[in-house]
Amino acid sequence: MVASLCDALEVPLRDRNELLLAAGFAPKYAARDLSDPNLEAVQDAVRHLLDAQMPYPAVVFDRKHDTLWANMAAIRFQCWLYDVATPAELPEIANNVLRGLLHPEGYRSHIANWDDITPVMLRRLRAEAIAPGDHEPAVELLKEMTSYPGVPDDWRSLGDPDYRIPMLTVDFAKDDEVFSLFSTITTLGTSFDVTLQEIRIESFFPADEGARSFFAKLAA
C-alpha cells in the first residue's frame, strides 16, 4: 500500500524510504555513492556528457549543491575566477555551486549582474526548501546564503530582471574579459537509486561571442 501511494503521488525515492521505515518496512531504494562500481554505466554516461560539453564548463552536483564531478573547462574556469594557478589552491567554498556564487569570498565581484542573479537563485533554493519531503539541506543552505553580507534582505520581493530578454544569463567581467553564459540542468530518468535521482548536471553555454572567444583561449 505504501509503495502504491508513493507511486501515485510521485514521491521522491529518499522520502519513500522514510515512509517505508515509518510503516515498519525496510528501505527499498539504495543510496550509493556515485563512484560505486555498480553505477559504472551511469558513470560512463555522465563522463560522456561532461566531455562532450568541452570547451565549455559542466559540473555534477548533489542535493546539497556540492560539486561531485566537473570537466576540465569548469576547473580551469574556477581557477581563473579565483585567481589561482592549480585546482589544489581553490578555496573550500569553490566546491559548492551556490557558495561560490553568493559567498563574499567567492567570485561574485566578477559577476556584473549579481544583483539580478541573487534573488532568482534564492527563490529557486527556497522552492526546494519548502517542497514536500526531506529537504533539510536546502533549508540549511538557504539560511546560510541569506546570512551573507550583501545579500538583500528583501530578496523575496525583488522583481525579476528585464522580462524582454529570452532568458537570464550570468554576466562575467574580470580583467579584460566580458562575456555572458547561460546553463541547462540535466537529470537522470527512471532512477531507482536515491543518489542518481538527486544529482544534477549543469552545462554552461556561451550567450555571446565574448564567451566563445574566452573559452577557446582557455582551452588552448
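Description of the structure in this document. (Residues numbered from 1 in each chain as written. Predicted model: local features only at pLDDT ≥ 70, side-chain atom pairs only at ≥ 80, totals over all residues. Heavy atoms only, no water.)

What follows concerns the overall build of the chain. Per the secondary structure count, the chain includes nine helices and five strands. Beginning at the N terminus, the succession of helices and strands in the chain can be written as α-α-α-β-β-α-α-α-α-β-β-α-β-α. Here the chain holds 220 residues, and 40% of them are scored as buried. In the chain, 56% of the contacts between residues at least 6 apart in sequence involve partners at least 24 apart. Just so you have it, the chain exposes about 12,400 Å², and 54% of that area is on carbon and sulfur atoms. (Helix = DSSP H or I, 4+ residues; strand = E, 2+ residues; numbered from the N terminus. Buried < 20%, exposed > 50% of the residue type's maximum accessible area, 1.4 Å probe, protein only. Contact = heavy atoms within 4.5 Å. Areas by Shrake-Rupley, 256 points an atom, 1.4 Å probe, with all protein chains shown as cover.)

What follows deals with the sheet that holds strand 3 (residues 170–174). The strands making up a sheet associate through hydrogen bonds between their backbones, and the pairing can be parallel or antiparallel. What the five strands build is an open sheet, ordered 2-1-5-4-3; its pairing is antiparallel. Every interior strand has two partners, whereas the edge strands, strand 2 (67–70) and strand 3, have only one. Each strand of the sheet is rotated relative to its neighbour by a mean of 30°, with strand direction disregarded. (Pairing = 2+ DSSP bridges. Axes fitted to C-alpha atoms, helices over the stretch in contact; angles between N-to-C directions.)

A separate point is the nonpolar core. One finds Phe 77, Tyr 82, Met 145, Phe 172 and Phe 179 to be the most contacted residues of the largest nonpolar core, which totals 35 residues. Mapped by element, the contributors of at least two residues to this core are helix 4 (72–82), helix 5 (97–102), helix 6 (114–130), helix 7 (136–147), strand 3, strand 4 (177–186) and helix 9 (209–219). Apart from the residues lying within four places of it in its own chain, the contact partners of Tyr 82 are Leu 90, Pro 91, Ile 93, Ala 94, Gly 100, Glu 105, Gly 106 and Tyr 107. Formed by eleven residues, the second largest nonpolar core is a distinct cluster that contains Val 42, Val 46, Val 60 and Trp 69. (Core = buried A, V, L, I, M, F, W, Y, C linked by side-chain atoms within 4.5 Å.)

The next thing to look at is unusual backbone geometry. Between Met 54 and Pro 55 the backbone carries a cis peptide bond, its omega angle lying at 10°. Locating Pro 55 in the fold gives a position in the loop between helix 3 (40–52) and strand 1 (58–61). We note that His 65 has phi near 65°; this positive angle belongs to a residue other than glycine. As for its placement among the helices and strands, His 65 is situated in the loop between strand 1 and strand 2. Of the residues examined, His 65 reaches a relative accessible area of 10% and is grouped as buried. Non-glycine residue Thr 190 carries a positive phi angle of around 50°. Taking relative accessible area as the criterion, Thr 190 reaches 76% and is therefore assigned exposed.

Let us now look at the pattern of salt bridges. Scanning the model with the defined rule gives ten salt bridges in all. Of the charged contacts, one joins Asp 175 and Lys 174 as a salt bridge, the two residues approaching to 3.1 Å between their closest N and O atoms. Residue Lys 174 is classed as buried on the basis of its relative accessible area, which comes to 4%. Lys 217 is the partner of Glu 177 in a salt bridge, and the nearest nitrogen-oxygen pair spans 2.8 Å. Of this pair, Glu 177 sits in strand 4 while Lys 217 sits in helix 9; the two residues are 40 residues apart in sequence, bridging distant segments of the chain. With relative accessibility at 49%, the residue Lys 217 sits in the partly exposed group. (Salt bridge = Lys/Arg side-chain N within 4 Å of Asp/Glu carboxyl O.)

Under the counting rule described, the total for this entry stands at 15 aromatic pairs. Ring centres 5.9 Å apart and planes at 80° place the aromatic pair Tyr 56 and Phe 215 in the edge-to-face group. Here Phe 215 lies in helix 9 and Tyr 56 lies in the loop between helix 3 and strand 1, a separation of 159 residues in the sequence. Each member of the pair Tyr 56 and Phe 215 is classed as buried. Note on Phe 77 and Phe 179: the rings are 6.2 Å apart at their centroids and 45° apart in plane angle, and the pair reads as tilted. Of this pair, Phe 77 sits in helix 4 while Phe 179 sits in strand 4, and the two are 102 residues apart along the sequence. Taking relative accessible area as the criterion, Phe 77 reaches 8% and is therefore assigned buried. Among the residues examined, Phe 179 registers a relative accessible area of 1% and is labelled buried. (Phe/Tyr/Trp six-rings, centres within 6.5 Å; stacked < 30°, edge-to-face > 60°.)

From the geometry alone we can't say anything about function, so treat these as descriptive.
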